[in-house]
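Residue-level structure breakdown
Listed below are the residues making up each chain.
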Amino acid sequence: MTRPPFEPPVPREVEAVSRQLGRPARGVLGIAARCACGAPVVVATRPRLPDGTPFPTLYYLTHPAATAAMSRLEAEGWMPRFAALLEGPLARAYRRAHESYLADRESVEHVEEIAGVSAGGMPTRVKCLHALAAHALAAGPGVNPVGDLALERAEWSPSRCECDEPFDAAVP
Ligand SMILES: [Zn+2]
């Protein structure tokens, strides 16, 4: 798990993210979470892409097994179930997660068009488990309660490598 400031990505990390996304990765700030093998799991992206487009999703889940696991939870109906839990302390924690997300992004760059907009439905809705799990993986346990719940339910975990080709961070 990594929050700003990020280590600048090396070319093979950007290549790995591009392979995972199936398109050239743009505006990569760094790798915010990794698989046990070192492969990128969450990419941190600039709040303004090189072409000027505002990009609110600071933490984006890129690892195919991780994104598939979150898609599965969404298909199984976990988003409304998690949303129904957002009362009392959990609702307050979810709002703090939203504020923490914005603080991380603001520390990189303020982009007026997306001011106050975080990701995944925060601070009151649950709209994308991929974005919430990405935040939880970057920030570590205890920051994003819904992201934490999604990761607990998921069949995938960053601690158990399921990569087709394990990524050895030691190789340049
Ligand atoms: Zn791996």
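Structure's up top.
What comes next is a walk through the structure. Model, not experiment: these values are computed from the prediction.

Looking only at helices and strands, one finds six helices and three strands in the protein. Relative to the globule expectation of 16 Å for 172 residues, the C-alpha radius of gyration of the protein, 15 Å, shows essentially globular dimensions. Per-residue burial over the protein gives 40% buried out of 172 residues. For the protein, long-range pairs separated by at least 24 residues make up 58% of all intrachain contacts whose partners lie at least 6 apart in sequence.

Time to look at helix H4 (residues 88-108). Structurally, the α-helix is built with 3.6 residues per turn, so residues lying three or four positions apart point the same way. The first and last C-alpha atoms of H4 sit 31 Å apart over 21 residues, in line with the 30 Å expected at 1.5 Å per residue. Every buried residue belonging to H4 is among Tyr94, Ala97, His98, Tyr101, Leu102, Asp104 and Arg105, and all of these are buried. Taken around the axis of H4, the buried residues stretch over an arc of 160°, which confines them to a single face. In this structure, H4 carries Gly88, Pro89, Glu99, Ala103 and Ser107 as exposed residues pointing more than 90 degrees from its buried face.

Next up on the list: unusual backbone geometry. The residue after proline 4, namely proline 5, is reached through a cis peptide bond having omega -5°. The topology assignment puts proline 5 in the segment before helix H1 (11-21). Residues methionine 122 and proline 123 are joined by a peptide bond in cis, for which omega reads 10°.

Summarising burial for strand E2 (residues 40-45): six of the six residues are buried, a large majority. By the bridge criterion, five bridges tie strand E1 (residues 28-34) to E2 in an arrangement that is antiparallel. Across the sheet, glycine 30 pairs through a bridge with alanine 44, a residue of E2. Joining the antiparallel neighbours E1 and E2 is a turn of five residues, in which glycine 38 adopts a positive phi near 100°. Where E2 and strand E3 (residues 59-61) come together, three bridges link them in antiparallel fashion. If you follow valine 43 over to E3, its bridge partner there is tyrosine 60.

Criteria and thresholds
Residues numbered from 1 in each chain as written. Predicted model: local features only at pLDDT ≥ 70, side-chain atom pairs only at ≥ 80, totals over all residues. Helix = DSSP H or I, 4+ residues; strand = E, 2+ residues; numbered from the N terminus. Rg over C-alpha atoms; globule rule 2.2 N^0.38 Å. Buried ≥ 20, exposed ≤ 12 C-beta atoms within 10 Å, placed from the backbone. Contact = placed C-beta atoms within 7 Å. Expected span 1.5 Å × (residues − 1). Arc of directions from axis to C-beta. Pairing = 2+ DSSP bridges.

So yeah, pure geometry; function would need other evidence.
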